[in-house]
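So the chains spell out like this:
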Amino acid sequence: MERDLDTNIQMVDLNGQYLNIKESIDDAVLDAIGKSQFIGGDDVARFSENFSNYLGGSFVIPCANGTDALQIAMMALDFRPGDEVIVPAFTYVATAEVLGLLGLVPVMIDVDLDTFIATPELIRNAISPKTKGIVPVHLFGQSVDMEPIMELSRDYGIHVIEDAAQSIGGFYQFTDKKWKASGTIGHIGCTSFFPSKNLGCYGDGGALITNDTELAKKIKMIANHGQSEKYVHKFIGVNSRLDTIQAAILNVKLDQLSNYQNARISAANNYDHLLGEISEIQIPIRSQNVKHAFHQYTIKVNGGKRDELKQWLHECGIPSMIYYPIPLYNQEAFKSIAVVSQSLTNTEILTKSVLSLPMHTELKIGQQQYIADCIKSNFLKNIN
Ligand SMILES: *Cc1c(COP(=O)(O)O)cnc(C)c1O
């Protein structure tokens, strides 16, 4: 196919995004270096406050990355070796990996075939007397149905840790019509500022979110060697900090987050419009009571044609990614520790049929048109 595009199509265009806010970013970074307080300091404090305001007032405790956030959350909630924690089998490895590190038992559950996320029913079916935690993963940016999950958590006395690494910018609506930011609903929310995430820094970064004052204090201590005051250690903790320079960058990018979300939503709407009629694929299905953050725009390809379409896109010069190709319980690392308590048919199907298309804040309509044309031509070439 002919390409008439001024730029290459990328899964994520971090450089294009940077160039649009270059001056503010450069100023913030140079200012942080000029102050030479490289750990902590007001840039980190200001980011916690700004991000807390964005989230509607929850406490924010920054840390080194999203994986650490999950681990610190489970340490703060006193999960002990042998405790069961319910996680979806269709997620990024980090969600379940921290369980292995802490000697916890990952009980892997299936996800919904349409929304790619766990449902309250699937979670309820996996609860046992040993269950201590549930980790709803808001995969690709779409929030799990949190209200019934919080009810389950009350009924069974189980803690809920949201994996909101992909869903910052997304919101969930309760039956009383109130909206809450993704990551602020469970006992603890965990997120990542990995560069390609919806709120990304220029290296690694992460944060824990909670509405509980005591838990916030404990999390802060655990992230800092379990220290209650200098050289007094109340808990075994870890060393997990958000770099000052990254906090300075995040302060600039947080101001853009609403614009970025609008850009993602409009790109998703364009894709829906361009791809909705193609019978060989299924466009993402959005839950009604959710504002999807569209971290990824993930289609399902029918009839075992996913790998063929991916190859054809590649030939058209279009990148695409398979998130995720192998269910976690089939990974060697998890074979001896994961418990699979139910049939995981949907996970099996999804690992063979999902395909994530380029999705970012700088995506152009012309590029999306080209991607759609390429997808259509793949299925036409099969007929000829
Ligand atoms: C990115 C991600 C993480 C981990 O974040 P890092 O900052 O890379 O450690 C955890 N869970 C999910 C679902 C993610 O996408």
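A word on the site of the ligand
The environment of the ligand is formed by Asn-65, Gly-66, Thr-67, Tyr-92, Ala-94, Thr-95, Val-137, Asp-163, Ala-165, Gln-166, Ser-192 and Lys-197. Separating an oxygen atom of the ligand from a side-chain N or O atom of Gln-166 is a distance of 2.8 Å. Here an oxygen atom of the ligand and a side-chain polar atom of Ser-192 are 2.7 Å apart. Here the ligand has 380 Å² of accessible area as a free molecule, and 92% of this is covered by the chains. Going through the elements one at a time, α4 (66–76) and α5 (94–101) are the ones with two or more residues in the shell around the ligand.

Comments concerning helix α8 (residues 213–222)
Those residues of α8 that sit buried are Leu-215, Ala-216, Lys-218, Ile-219, Met-221 and Ile-222. Where α8 is buried, its residues meet β1 (59–63), α4, β8 (188–192), β9 (206–210) and β10 (227–229).

Quick look at the sheet that holds strand β7 (residues 179–181)
Where strands meet in a sheet, backbone hydrogen bonds hold them as pairs that are either parallel or antiparallel. With antiparallel pairing, the three strands of this open sheet are ordered in space as β7-β6-β13. The strands lining the two open edges of the sheet, one partner per strand, are β7 and β13 (290–291). The sheet contact formed by strand β6 (residues 171–173) and β13 spans two bridges and is antiparallel. Within the sheet, the bridge partner assigned to Phe-171 lies in β13 and is Lys-291.

Description of the domain arrangement of the protein
Interfaces are often sized by the accessible area lost when the parts come together. Domains assigned within the protein are domain 1 (17–254) and domain 2 (257–383). When each unit is reduced to the centre of its C-alpha atoms, the spacing between domain 1 and domain 2 is 24 Å. Contacts between domain 1 and domain 2 engage 49 residues on the former and 40 residues on the latter. Our enumeration of links across domain 1 and domain 2 arrives at one salt bridge.

About the thresholds
Residues numbered from 1 in each chain as written. Predicted model: local features only at pLDDT ≥ 70, side-chain atom pairs only at ≥ 80, totals over all residues. Heavy atoms only, no water. Near = heavy atom within 4 Å. Polar contact = N/O pair within 3.5 Å; in protein donor to acceptor, adjacent residues only side chain to side chain. Areas by Shrake-Rupley, 256 points an atom, 1.4 Å probe, with all protein chains shown as cover. Helix = DSSP H or I, 4+ residues; strand = E, 2+ residues; numbered from the N terminus. Buried < 20%, exposed > 50% of the residue type's maximum accessible area, 1.4 Å probe, protein only. Contact = heavy atoms within 4.5 Å. Pairing = 2+ DSSP bridges. Domains from an automatic or database assignment. Salt bridge = Lys/Arg side-chain N within 4 Å of Asp/Glu carboxyl O.

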